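# Observations on chain architecture
Residues per chain are reported as follows:
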2 protein chains.
Amino acid sequence: MAGDNSKHRTTVTIYGQQYKIVSDESPRHVENVADYLDQKMREFKNYNPYLDTTSLAVLTAVNITDDYFKMKRKLELYEKEEREEE
Amino acid sequence: MAGDNSKHRTTVTIYGQQYKIVSDESPRHVENVADYLDQKMREFKNYNPYLDTTSLAVLTAVNITDDYFKMKRKLELYEKEEREEE
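Residues numbered from 1 in each chain as written. Chains lettered and ligands numbered in written order. Predicted model: local features only at pLDDT ≥ 70, side-chain atom pairs only at ≥ 80, totals over all residues. Heavy atoms only, no water.

## Description of a negative patch on the surface
This is how it is decided: In this analysis, a patch consists of residues with relative accessible area above 30% that form no salt bridge, clustered at 9 Å for like charges and at 5 Å for the nonpolar side chains Val, Leu, Ile, Met, Phe, Trp and Tyr. We get accessible surface area from the Shrake-Rupley algorithm with a probe of 1.4 Å; when it comes to residues, only the shown protein chains can shield them. Salt bridge, as used here: a side-chain nitrogen of Lys or Arg that lies within 4 Å of a carboxyl oxygen of Asp or Glu. Positive residues here are Lys and Arg, negative ones are Asp and Glu, while His and the chain termini are left out of the count. Charge positions are represented by NZ for Lys, CZ for Arg, CG for Asp and CD for Glu. A helix here means a DSSP run of H or I that spans at least four residues, while a strand means a run of E at least two residues long, and both kinds are numbered starting from the N terminus.
Judged by side-chain charge, Glu81(A), Glu85(A), Glu86(A), Glu81(B), Glu85(B) and Glu86(B) come together as a negatively charged surface patch. When residues of the negative patch are traced back to their parent elements, those giving at least two are helix H2 (53-85) of chain A together with helix H2 (53-85) of chain B. By the element assignment, Glu81(A) lies in helix H2.

Rendered as structure tokens:
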């Protein structure tokens, strides 16, 4: 998402810091993604109040990656079922 | 994943920093998640060499959250199709 040369450039605030995100997606999508991450970081900080911001960001990313892996596995199962039904 | 009180405690290294992750999942799953994130952060650093580590972690998390949202949408479409087929 960020880092490519496509059209939209959206400024978002995540955990009190502004970031410019370049994305093919709509500014609204980018804002939703940023809000989700911001909320997850704040939730994580509540459970781990002594974490520095880098560790907080990394550990929040670990959690989201874990959710991503679980959803990927679920999607692969659906796709496997679908192939078997054909 | 991290932050709960379940069984496994796995030490992983992400972007040169060690983290203790507490998770219901197997140490192998946790290591896979950590390796994925570590690799994504390193890829992102190649494109954005002047980023500080916190911004790098946050922007990598933005990318993974974006992938997560897209996969979630795809899964919801499958589930909707499945309900319509019933």
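Let's pick the thread back up.
## What about the relation of the copies chain A and chain B?
Here is the rule we go by: The atoms used to superpose the copies are C-alpha atoms, taken from residues with pLDDT of at least 70 in both, and the fit is least squares.
Once chain A has been moved 0.0 Å along the axis and rotated by 180 degrees, it coincides with chain B to within an RMSD of 0.0 Å. The symmetry that links the two subunits is that of a two-fold axis.

## Looking at the environment of Glu25(B)
Applicable threshold: Throughout, a contact is declared for two residues whenever any of their heavy atoms are within 4.5 Å.
Following the sequence through the fold, Glu25(B) ends up in the loop between strand S2 (17-23) and helix H1 (27-47). For the pair formed by Glu25(B) and Lys7(B), sequence separation is 18 residues and the distance between their alpha carbons is 8.5 Å. Discounting residues that sit within four places of it in the chain, Glu25(B) has contacts with Asp66(A), Lys70(A), Arg73(A), His8(B) and Val30(B).

## Thoughts on the pattern of salt bridges
Applying the stated criterion across every chain yields a total of twelve salt bridges over all chains. Two residues, Lys70(A) and Asp66(A), come together in a salt bridge whose shortest N-O distance is 2.9 Å. Taken together, the positions of Lys70(A) and Asp66(A), both in helix H2 and four residues apart, correspond to about one turn of that helix. Residues joined by salt bridges that share partners form a network here, namely Glu25(A), Asp66(B) and Lys70(B).

So far we have only geometry, and geometry alone does not tell us how the molecule works.
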